[in-house]
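# Residue-level structural notes
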Amino acid sequence: MKVLVTGGLGFIGSHTVVELLEKDYDVVIIDNLSNSEVIVLDKLEKLTGKKIPFYEIDCCDYEKLEKIFKKYKFDAIIHFAGYKAVGESVAKPYMYYSNNLNSTMNLANLATEYKVPRFIFSSSATVYGDQTPPLTELMEKKETSNPYGETKAMSERILSDISKANKSFSVVLLRYFNPIGAHKSGVIGEKPSGIPNNLMPYITQTAKGIREKLYVFGDDYDTPDGTGVRDYIHVVDLAKGHVAALEYDFEGVEVFNLGTGKGTSVLEIVKAFEEVNKIKIPYVITDRRPGDISASYADANKAKKLLNWEAKLTIKDMVKDSWNFERNLND
Ligand code: UFG
């Protein structure tokens, strides 16, 4: 079975490529290297012992994309490629709508033209907006506070409509909660460019001395310790969720939360990191970050029941593997 992975050199994409190759899927990677490095390809090939066809293509370039669909007969597409910085999307809405929507539409259209039966889309728990957790797939989508979130909600709608019009095109919408951690080899992981927006890379960079201290965005939320609560999921568990989605036999559109079902606060993450890795993380409490919600965690039962998938790795595994990756990075 041949799978096209867009954004296959990025954080979640690269971990999914490893899981796919371990299960003997053939993988073709497309990535425009806008937020990834080509060195990740070498790392993936060394890690898996397999040669992986790679094309430096932007998914907004229909003609270049079509050449790939002419060359290979795909059984599935897993579409990770996209811009993902919430704050940047507020400052540059056109860039986000244009990139994230055009890439999804191009791929979906080519999938129907070239008869690719399965499309798996990287969506986000952000489409639930600010509702009381646990968040279930039956809850309505709500307006998100930023263009990035809207591109996820709109892409879900676009793909669903294309699937409705094409009986043989099935779509899986995977709503990720908060992926952290790294492959246990320490070879691949999350490497944001510039100042990290997300909690875990900020913590690992603080541990390494790249950042002076962590800023905890608010301690006056309605949560047990006042700091924001999220459903952190190990990226390797998340990657395995994609393989399960690929193997799920159905027609039409299905939505799945990929989370653990457990909420953890910012201060609990900091404490777990310190205890497991024996490193102090200096931090200060600062103002809330605009657009942040107090708590988000999944009801993860649907994926367990239908995909036979559940997250297995713990917060301890996540903080250990995140640090193991950062520690081995040569900056
Ligand atoms: N936080 C800090 N300090 C930091 C960074 C984050 O205190 O330097 C806090 C946030 O306030 C939040 C928690 O840590 O309470 C997690 O923040 P992240 O930025 O790591 O993650 P978010 O939950 O804000 O965002 C993630 C994804 C988005 C997605 C969103 C909703 O990064 O892509 O979940 O699903 F849209």
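Residues numbered from 1 in each chain as written. Predicted model: local features only at pLDDT ≥ 70, side-chain atom pairs only at ≥ 80, totals over all residues. Heavy atoms only, no water.

## Observations regarding the overall build of the protein
- Secondary structure summary: the protein contains eleven helices and 13 strands in total.
- The C-alpha radius of gyration computed for the protein amounts to 19 Å, which stays within 12% of the reference 20 Å derived for 331 residues, consistent with globular compactness.
- Structurally, the protein occupies a C-alpha span of about 55 × 45 × 40 Å along its principal axes.
- With 331 residues in all, the protein has 54% of them scored as buried.
- Pairs at least 24 residues apart make up 79% of the contacts formed inside the protein by residues separated by at least 6 positions.
- Of the accessible surface of the protein, which amounts to about 15300 Å², a share of 50% is contributed by carbon and sulfur atoms.
- Measuring between centres, the 42 positive side-chain charges of the protein sit 3 Å from its 46 negative side-chain charges. (Helix = DSSP H or I, 4+ residues; strand = E, 2+ residues; numbered from the N terminus. Rg over C-alpha atoms; globule rule 2.2 N^0.38 Å. Buried < 20%, exposed > 50% of the residue type's maximum accessible area, 1.4 Å probe, protein only. Contact = heavy atoms within 4.5 Å. Areas by Shrake-Rupley, 256 points an atom, 1.4 Å probe, with all protein chains shown as cover. Lys, Arg positive; Asp, Glu negative; His and termini not counted. Charge placed at Lys NZ, Arg CZ, Asp CG, Glu CD.)

## Considering helix 2 (residues 39-48)
- If you check which residues of helix 2 are buried, you get V40, L41, L44, E45 and T48. Within helix 2, the buried residues cover an arc of 140° as seen down the axis, which keeps them to one side.
- In this structure, the buried side of helix 2 is in contact with helix 1 (11-22), strand 2 (26-30) and strand 3 (54-55).
- Of the residues one or two after helix 2, G49 is the one with positive phi, at around 70°. (Arc of directions from axis to C-beta.)

## Some words on helix 11 (residues 315-328)
- For helix 11, which comprises 14 residues, the first-to-last C-alpha distance of 20 Å matches the rise-based estimate of 20 Å (1.5 Å per residue) to within 8%.
- Listing the buried residues of helix 11 in full gives M318, V319, D321, S322, W323, N324, F325 and E326.
- In this structure, the buried residues of helix 11 make contact with strand 7 (178-180), helix 7 (199-208), strand 10 (232-234) and helix 9 (266-277). (Expected span 1.5 Å × (residues − 1).)

## A closer look at unusual backbone geometry
- Backbone torsion omega between P133 and P134 reads 5°, so that peptide bond is classified as cis.
- Of note in this structure, K278 is not a glycine but carries a positive phi near 55°.
- Within the fold, K278 resides in the loop between helix 9 and strand 13 (283-286).
- Backbone geometry at N308 places phi at a positive 60°, although glycine is not the residue there.
- Within the fold, N308 resides in the loop between helix 10 (301-307) and helix 11.

## Considering the packing of helix 9 against helix 11
- The interhelical angle for the contact between helix 9 and helix 11, taken along N-to-C directions, is 70°, at an axis separation of 9 Å. The orientation of helix 9 relative to helix 11 falls into the category roughly perpendicular. Where helix 9 crosses over helix 11, the two elements pack in a sense that is right-handed. For the pair helix 9 and helix 11, contact is made by I269, A272, F273, V276 and N277 and by I315, K316, V319, K320 and W323, respectively.
- For the contact of helix 9 with helix 11, the per-class residue count stands at seven nonpolar, one polar and two charged. (Axes fitted to C-alpha atoms, helices over the stretch in contact; angles between N-to-C directions. Parallel < 35°, antiparallel > 145°, perpendicular 65-115°, else oblique. Left-handed = near helix turned anticlockwise from the far one by under 90°. Nonpolar A, V, L, I, M, F, W, Y, C, P; charged D, E, K, R; others polar.)

## Notes on the site of the ligand
- Taken together, 19 residues surround the ligand, and among them L199, Y215, R230, R289 and D292 come closest.
- One nitrogen or oxygen atom from the side chain of S124 is found 3.2 Å from an oxygen atom belonging to the ligand.
- In isolation the ligand has 690 Å² of accessible area, and contact with the protein removes 88% of it.
- The set of elements that each furnish at least two residues to the shell around the ligand consists of helix 7 and strand 8 (214-217).
- With four residues, strand 8 is the single largest residue contributor to the shell around the ligand.
- Residues of the shell around the ligand, tallied by class, amount to ten nonpolar, six polar and three charged. (Near = heavy atom within 4 Å. Polar contact = N/O pair within 3.5 Å; in protein donor to acceptor, adjacent residues only side chain to side chain.)

## Overview of the side chain of H242
- Tracing the sequence through the fold places H242 in helix 8 (residues 235-247).
- The class for H242 is buried, based on a relative accessible area of 0%.
- Among the polar contacts made by the side chain of H242, one reaches the side chain of Y176 at a distance of 2.6 Å.
- Reaching out from H242, the side chain makes a polar contact with the backbone oxygen of L238 at a distance of 2.8 Å.
- Residue contacts for H242: discarding those within four places in its chain leaves I12, T16, I78, F80, I120, L174, Y176 and L258.

## Digging into the sheet that holds strand 4 (residues 76-79)
- Reading across from one edge, 3-2-1-4-5-6-11 is the order of the seven strands in this open sheet, with parallel pairing throughout. The open sheet is flanked by strand 3 and strand 11 (253-258), the only strands paired with a single partner.
- When strand 6 (residues 170-176) meets strand 11, the two strands line up parallel, connected through six bridges. Residue R175 lies in a different strand from strand 11, and its bridge partner there is N257.
- Across the sheet, helix 6 (residues 147-165) lies against strand 5 (118-124), strand 6 and strand 11, angled at about 155° from strand 5, the strand it touches most. (Pairing = 2+ DSSP bridges.)

## Quick word on the pattern of salt bridges
- One pass over the structure, following the stated rule, counts 18 salt bridges.
- Between E45 and K51 there is a salt bridge; the shortest N-O distance is 3.4 Å.
- Taken together, the shared-partner salt bridges connect K141, E156 and R175 into one network. (Salt bridge = Lys/Arg side-chain N within 4 Å of Asp/Glu carboxyl O.)

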